[in-house]
Every structure is written in structure tokens, then in C-alpha cells.
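Structure at a glance
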Amino acid sequence: MALKSRKLSFTTPIMVSFSGILLSFVLIAVFITFTQRSDFLEDYHKINRNFTHNLAVNYTESILRENDYILAHAVTFFSRNNQLDNTINGDPEKGLQLLMQLQNLMPMVSSISLADTAGHYLRAPEVLSTDKSATFDARTRPWFIAQAETSSFSRYTSPYIDYFLKHPTITIYKPVISPGGRLKGTLAFHLDLTSMSYTLRQMVAPVQGEFYIVERDGKVVLHPDSGMLFKRHVSEKLMEQMTSGEGHIYDKKTRTWYYYYSFTNPDWFVIYQVSGATLNELTRHETTIIGWGFSLAAIIIILFGLYLRHASSTILMNIINAIKTGDVSRTPRLEAMLSHTIQSNKEREMAYVRQATHDALTGCKNRRAFDSDIAELMNNHQPFALALVDIDNFKSINDTLGHLSGDIVLRNVAREGLQVMQPHNISVYRYGGEEFAVIFPAELLNSASAILEGWRIAVEKRIWREENLHVTFSAGLGEWQFEPLEQFVGSVDSALYRAKQQGKNRILNTSDS
């Protein structure tokens, strides 16, 4: 009579063990899948915040900083002697030419107004003599300053309709005050919001969404669709939640994520709006891939368990047969057969990291990387030199040959710089617009000027495909003397400005008089 004892059965413990392993695997897989879903969502939040930061710093802030810089220098010019009165009342024709030269420096400014305290004004381009222009009173405009106060900041009006052009505009303005403290008048730059908004159409977001710029009350200042200007696009309740310098909030009512970056002057917010459904779909796609990987691994484990159960029975029968026959030469070797496969999808992560620190057009590091690198040098008190490089007559290139050719010029000037700097392990940064920055470490302080001159010569001698195109750049160079960052960058920027004034296509040091 055949006897069967569970104590002699080893297939049951094997199956129980594999069942426990499979159950544990399923639980771990479920836990990892949900954890990864949360991680993927946080990764997309970080990517979207970086995009919003770059949109604010590399585009919006660069334009505002450029206009503010030119406005400050122009105000200083008109405050001296009787320059403002001579421009408006003395020789208006010459004054108009002067204002037009000033406007040519700023592609995003539609017109310039200069007014004295009595309301006499000069506007460039010239205002035609009509019944409407005859009734114009500069003292009623939102940018006119009747009583000035000392301030280092420019002022911005709220959105309004231009009196002459009937176009939506915002004006950046500043009082003209003599060295003796007398208010002489007001200098105002009227921004071309439609042109500034058009540039936003060319930007590509990492995730499908809508990006724009609003005032504190939620009304649109810049938008790829110029028809949205001055319309309320964000509720006051949501605007009140944007309390930090930058971050993101979620609107449960519309199921929408808002990524924002705030400015102090003007009181604007750069907003990148992404639907919650879009992010959920992206994270679901990522977790689905992981889920399929775990499912395949589970199937392999099950098949391997069934095979091991069959193999163990076969081995046992071979051992019994060897005992019966005494032939041990054919006794199989017991081999450990364990196979485990884990699949993971992390390929996009490195591309996102590079996108956060590099400029897509030029291949240079971006402004965010510049801020991080220069802060690290200053925190560690390591000597370095900084160069600010600006392409000469870039607006004229854009206006004459088009923005596509302008992008080609930017890309090739950057390529020349990278070829010169990379052998020395020097990083080139796109500082904003057509402006680049270069940080020279301590060991290259003595050769910084020569290396930078090599880049300038390479750009000057470059032959371009476009007929009659000749590209040069001007640069300012300075060595850090442990002063505050804003003061140091300002001194290098002033050297760049002097290089422009002295004829362009040259490099000036901060120590040059």
C-alpha cells in the first residue's frame, strides 16, 4: 500500500514560498507604482517652475532691465544744464532726432515722450498737427509727474490706451531732476505690448499649457494672443494666494495648475497655466509603463515557479533512480535557477536636467546656471573675472533680415565663443536676449582679456552666408574685488556701455578710464 506523507513533500513548501514571494512582489510593485506617480508629478512641477523662471528672467526681465537701464542714462543726460528745455522748446527738430536715436536702441518701445513741468512736450515719432493733437495735454497723462521724489527705480503705469495710436500700452517713466534738486520734467517710454506679446508665440513650453504675464489684479499685460490684453485672466482670489517670489498653486475649481514668478517693479506676474488633466495623463503614461514592466516580471516569476516545481520533481525521481540502480554518474547537479527582471523608465530625466540649465537656441548655459555658478564663487570667496558681451546692431539685423537670421547670428556667435572658451574649461552663458556672459576662474585672470579678444576676432572675421552681413560684438570685462554682486555686474555693464559709445566692436575693462 502506497503511503503518502506531507513531511516528505518538498513541492508544497516551494509553492508556498513562491506564493509568498509573488504576493510580496505584487505589494511592492503597487507601492512603487504609486510612489513613482507622485515622483513623476513632482518632476513635472519642477520642470514647469524652471520654464516659468526662464521665461521671467531670460525674456521679461531682460527687456525690462534693458529699458530701465537706457531710461536711467537718458534721464541723467536730460537733467544736465538746460538740455531738456533746449530739446523741447529750443530746437524741437534736433530734439526729435535725438529722441529717435534713443528709440532705435529699444525694439519693444513704440514711442517716447519728453515733457517739461509746464506740459510742453515732444514725442517721437512726431505727432502730426491735427485737431486731436491740438487738444492734447501732457499733464493729464498717467505718466506725467507733477511732483517728483528721489528714487532709484523707474515707474510703470497701469495699462491704458495710447492717446494718439489707440493701441494698448504701458509706460515706463522717470522724473528728470537737476543736480540741484529741481524737477525739470518727465521722460516716458511707451511699450509696444503687441510686439512684446508676439515674441511669446515663438516660445515652446515643455508641457501643453498657456503662458502669459498679468498685473497684480489678474489683468493680462502680455499674451501670445494680443486680443487677450487687459482682460482679467486670473481671479483675484488666486492672485492673493501667490505670496512668494515664485512657486505654484492648484485651483480646485478649474482643476488647473498655476506656476508663477513675481516681479517687484513692475508689480507683474509671469504665469504658466497647465491643466491638471494634462499632468495626470502624463504621469499615468509614465506609471503605465512601470506597471507593464512589473506585470511582465510577475509572469516570469510564476513561470519560473512552475518550472522549479517540475524540475524539483524530476531531480527527485533521478535521485531515486540513482539509488535503485547505483548509477550516480547521471545524478544531475542541483543548480540555482533564479531570474529577476526590473524595468524602469528614467530616460527623460537627464534631458529635463539639461533643459533647466542650458539655452536651447545657442547651446550655452542659461541665466539660471549663471546665477548659481557666480553665487557659488562669491560664497566661497574665490577670485574670478566677468565679461558681458553684447552683439552690435542686433536689432538692425533682426529688422533687416528677420528673426530667423537673428537666431542664426545668435547661434553662430555662441558657437564661436564655445570653440574659444571650452578648451580652457570656461563656461559661456546666455545672459539675456543678444547678451552673453563669461566667467573666468582665478587661474585665468591674467589671460582673460586675450581669450575674450580671440572670440571677438573670430566673430569679426567670420564670413556669413547673407550678403553684406557683418557681425561684431562689444564687451565689458572686470575682476571681482569682493564687492556686492549688483555693484560688480553694474561696473562691468558700464564698461560694456562705454565700449558701445566708443564705436563698438571692442572690449573695455572696468579699470579703463
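Note that the structure is predicted; figures quoted are calculated from it, not measured.

The end-to-end C-alpha distance of helix α13 (residues 485-501), which contains 17 residues, comes to 24 Å, matching closely the 24 Å that a straight helix rising 1.5 Å per residue would cover. All buried positions along α13 are accounted for by Phe 488, Val 489, Val 492, Asp 493, Ala 495, Leu 496 and Ala 499. Buried positions in α13, seen along its axis, are confined to an arc of 150 degrees and lie on one side of it. Exposed and oriented more than 90 degrees from the buried face of α13 are Glu 486, Gln 487 and Gln 501. Once α13 finishes, Gly 503 follows within two positions and takes phi at roughly 115 degrees, a positive value.

Quick look at the packing of aromatic side chains now. One pass over the full model with this rule turns up 21 aromatic pairs. Measuring from ring centre to ring centre gives 4.6 Å for Trp 480 and Phe 482, while their planes differ by 45 degrees; the resulting arrangement is tilted. Taken together, the ring pairs connect Phe 51, Phe 211, Tyr 259 and Tyr 272 into an aromatic cluster. Above the ring of Tyr 163, the side-chain terminus of Lys 166 is found at 5.7 Å from the ring centroid. The ring of Trp 464 has Arg 462 lying over it, and the distance from NZ or CZ to the ring centre is 4.9 Å.

Right, let's get into the sheet that holds strand β6 (residues 171-177). The strand order across the open sheet formed by five strands is β2-β1-β7-β6-β3, and the pairing between neighbours is antiparallel. Two strands in the sheet have a free side with no partner beyond their single neighbour: β2 (121-124) and β3 (155-156). Pairing geometry for strand β1 (residues 109-116) and strand β7 (residues 183-191), over seven bridges, is antiparallel. Its bridge partner being in β7, Ala 115 is matched across the sheet by Thr 186.

The next thing to look at is a nonpolar patch on the surface. A contiguous nonpolar patch, built from Ile 299, Ile 302, Leu 303 and Leu 306 and spanning about 380 Å² of accessible area, is present on the exposed surface. Position of Leu 303 relative to the elements: it lies in helix α7 (residues 276-325). Since its relative accessible area comes to 54%, Leu 303 is described here as exposed.

This brings us to the confidence of the model for the chain. Taken residue by residue, the chain gives an average pLDDT of 84. The fraction at 70 or more is 88%. Note on residues 331-345: pLDDT is under 50 here. Beyond four places in sequence and across chains, it has 16 contacts.

For the rest of this paragraph, the subject is the side chain of Ser 154. Its place among the elements puts Ser 154 in the loop between α4 (131-134) and β3. By relative accessible area, Ser 154 is classed as buried at 2%. Here Asp 68 takes part through its side chain, which lies 2.3 Å from a polar atom of the side chain of Ser 154. Beyond its immediate chain neighbours, meaning those up to four positions away, Ser 154 contacts Asp 68, Leu 71, Ile 172, Tyr 173, Lys 174 and Asn 265.

On to the pattern of salt bridges, then. As enumerated under the stated definition, the model contains 17 salt bridges in all. With its nearest N and O atoms 3.6 Å apart, the salt bridge here joins Arg 232 to Glu 236. On the accessibility criterion, Arg 232 (43% relative accessible area) is partly exposed. With relative accessibility at 46%, the residue Glu 236 sits in the partly exposed group. One network of salt bridges, with partners in common, ties together Arg 65, Glu 435 and Asp 493.

With that out of the way, let us pick up the environment of Tyr 250. With respect to the helices, strands and loops of the structure, Tyr 250 is situated in strand β10 (residues 246-251). Exposure remark for Tyr 250: the relative accessible area of 33% places this residue in the partly exposed category. Each C-alpha atom, one on Tyr 250 and one on Gln 273, is 9.9 Å from the other, the two residues being 23 residues apart in sequence. Non-local contacts of Tyr 250, meaning those with residues more than four positions away in its chain, are made with Arg 255, Thr 256 and Trp 257.

Let us look at the nonpolar core. Leu 187, Phe 189, Met 242, Trp 268 and Ile 271 are the most contacted members of the largest nonpolar core, which totals 63 residues. No other element matches the 14 residues that helix α1 (residues 11-79) contributes to this core. With sequence-adjacent residues up to four places away left out, Ile 271 is seen in contact with Glu 210, Phe 211, Tyr 212, Val 214, Val 234, Met 239, Met 242, Tyr 258, Tyr 259 and Tyr 260.

Rules of the game
- Residues numbered from 1 in each chain as written.
- Predicted model: local features only at pLDDT ≥ 70, side-chain atom pairs only at ≥ 80, totals over all residues.
- Heavy atoms only, no water.
- Helix = DSSP H or I, 4+ residues; strand = E, 2+ residues; numbered from the N terminus.
- Expected span 1.5 Å × (residues − 1).
- Buried < 20%, exposed > 50% of the residue type's maximum accessible area, 1.4 Å probe, protein only.
- Arc of directions from axis to C-beta.
- Phe/Tyr/Trp six-rings, centres within 6.5 Å; stacked < 30°, edge-to-face > 60°.
- Lys NZ or Arg CZ within 6 Å of the ring centre and 35° of its normal.
- Pairing = 2+ DSSP bridges.
- Patch = residues over 30% accessible without salt bridge, like charges linked within 9 Å, V, L, I, M, F, W, Y side chains within 5 Å.
- Areas by Shrake-Rupley, 256 points an atom, 1.4 Å probe, with all protein chains shown as cover.
- Salt bridge = Lys/Arg side-chain N within 4 Å of Asp/Glu carboxyl O.
- pLDDT = per-residue confidence, 0-100.
- Contact = heavy atoms within 4.5 Å.
- Polar contact = N/O pair within 3.5 Å; in protein donor to acceptor, adjacent residues only side chain to side chain.
- Core = buried A, V, L, I, M, F, W, Y, C linked by side-chain atoms within 4.5 Å.

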